[in-house]
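Notes for the structure review
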Amino acid sequence: MLSSAEQKILTDFLLTDMDLCKFGILLSLCTGMRIGELCALRCSDISLDDQLIQVEKTMQRLKNNSSGTSSKTSVIIGPPKSQSSVRVIPLMAPAVRLCRQILPEKADTFVLTGSHRYMEPRVLQFRLQKYMQSCELKDVHFHTLRHTFATRCIEAGVDVKTLSEILGHSSASVTINRYVHCSMEMKRKNMEKLHFLDP
């Protein structure tokens, strides 16, 4: 998970000379979308009027089982791994403004490329690593963005059930067990709510 200071460093970097790839990474940081979901996302999946993202597909590279092909793997775009992963994510106002500024007008193009050609997850992960080097941040993977989003939501007071649905988890307990790790700052604020020794 990124600390608040690290998140600010990354956000500032992504907003500088923003392109579609940087925008996509920032969008993931603002929504908790998985890397495969982001790579499969098309402009038509984002409704700026309703301020929503419809997550219906994911992208992954899988082994070829057929012997009639020379390639060992293929990129597949299909439904997410579970029904709970098919979801609608509300967009916060700053993300909507960014979408209006940078998204291509052609609805059937991929968000990360602005064309009919996709960017696959391993390429996006490589780009993220390059950005992390520029930011001098270590041990940050794409999943770190999802973890950071979840933690910031909890710190902001978002209830776990709502967060679970935004993340596309099957239950709130999955969200709690995987992502809810309170920062010391959050623990301290919660402890200050207690008044056991007040006169």
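The text that follows walks through the structure, step by step, so that each part is easy to find. This is a predicted model, so every value here is computed, not measured. (Residues numbered from 1 in each chain as written. Predicted model: local features only at pLDDT ≥ 70, side-chain atom pairs only at ≥ 80, totals over all residues. Heavy atoms only, no water.)

1. Comments concerning a nonpolar patch on the surface
Taken together, the side chains of Met 191, Leu 194 and Phe 196 make up a nonpolar region of the molecular surface, amounting to roughly 380 Å² of accessible area. Assessed through its relative accessible area of 72%, Phe 196 is described here as exposed. (Patch = residues over 30% accessible without salt bridge, like charges linked within 9 Å, V, L, I, M, F, W, Y side chains within 5 Å. Areas by Shrake-Rupley, 256 points an atom, 1.4 Å probe, with all protein chains shown as cover. Salt bridge = Lys/Arg side-chain N within 4 Å of Asp/Glu carboxyl O. Buried < 20%, exposed > 50% of the residue type's maximum accessible area, 1.4 Å probe, protein only.)

2. Some thoughts on the sheet that holds strand β2 (residues 52–55)
Taken in spatial order, the 3 strands make up an open sheet running β1-β2-β5, and their pairing is antiparallel. Whereas interior strands pair on both sides, the edge strands pair on one side only; in this sheet they are β1 (46–47) and β5 (87–90). Across 2 bridges, the pairing between β1 and β2 is antiparallel. Directly across from Ile 46, in β2, lies its bridge partner Ile 53. (Pairing = 2+ DSSP bridges. Helix = DSSP H or I, 4+ residues; strand = E, 2+ residues; numbered from the N terminus.)

3. Digging into the packing of aromatic side chains
Counted under the stated rule, the structure contains 2 aromatic pairs. Judged by centre distance (5.5 Å) and plane angle (55°), the ring pair of Phe 13 and Tyr 131 falls under tilted. Taken together, the positions of Phe 13 in helix α1 (residues 4–15) and Tyr 131 in helix α5 (residues 121–135) put the pair 118 residues apart, joining distant regions of the chain. Consider the rings of Phe 110 and Tyr 118, whose centres lie 6.2 Å apart with planes at 85°: the pair is edge-to-face. Since its relative accessible area comes to 2%, Phe 110 is described here as buried. (Phe/Tyr/Trp six-rings, centres within 6.5 Å; stacked < 30°, edge-to-face > 60°.)

4. A word on the packing of α1 against α5
Look at α1 against α5: their axes get within 10 Å of each other, and the N-to-C directions meet at 110°. Comparing the axis directions of α1 and α5 gives the class roughly perpendicular. Regarding α1 and α5, the two cross each other, and that crossing is right-handed. Residues Ile 9, Leu 10, Phe 13 and Leu 14 of α1 pack against Tyr 131, Met 132, Ser 134 and Cys 135 of α5. Of the residues assigned to the contact of α1 with α5, the class counts are 7 nonpolar, 1 polar and no charged. (Axes fitted to C-alpha atoms, helices over the stretch in contact; angles between N-to-C directions. Parallel < 35°, antiparallel > 145°, perpendicular 65-115°, else oblique. Left-handed = near helix turned anticlockwise from the far one by under 90°. Contact = heavy atoms within 4.5 Å. Nonpolar A, V, L, I, M, F, W, Y, C, P; charged D, E, K, R; others polar.)

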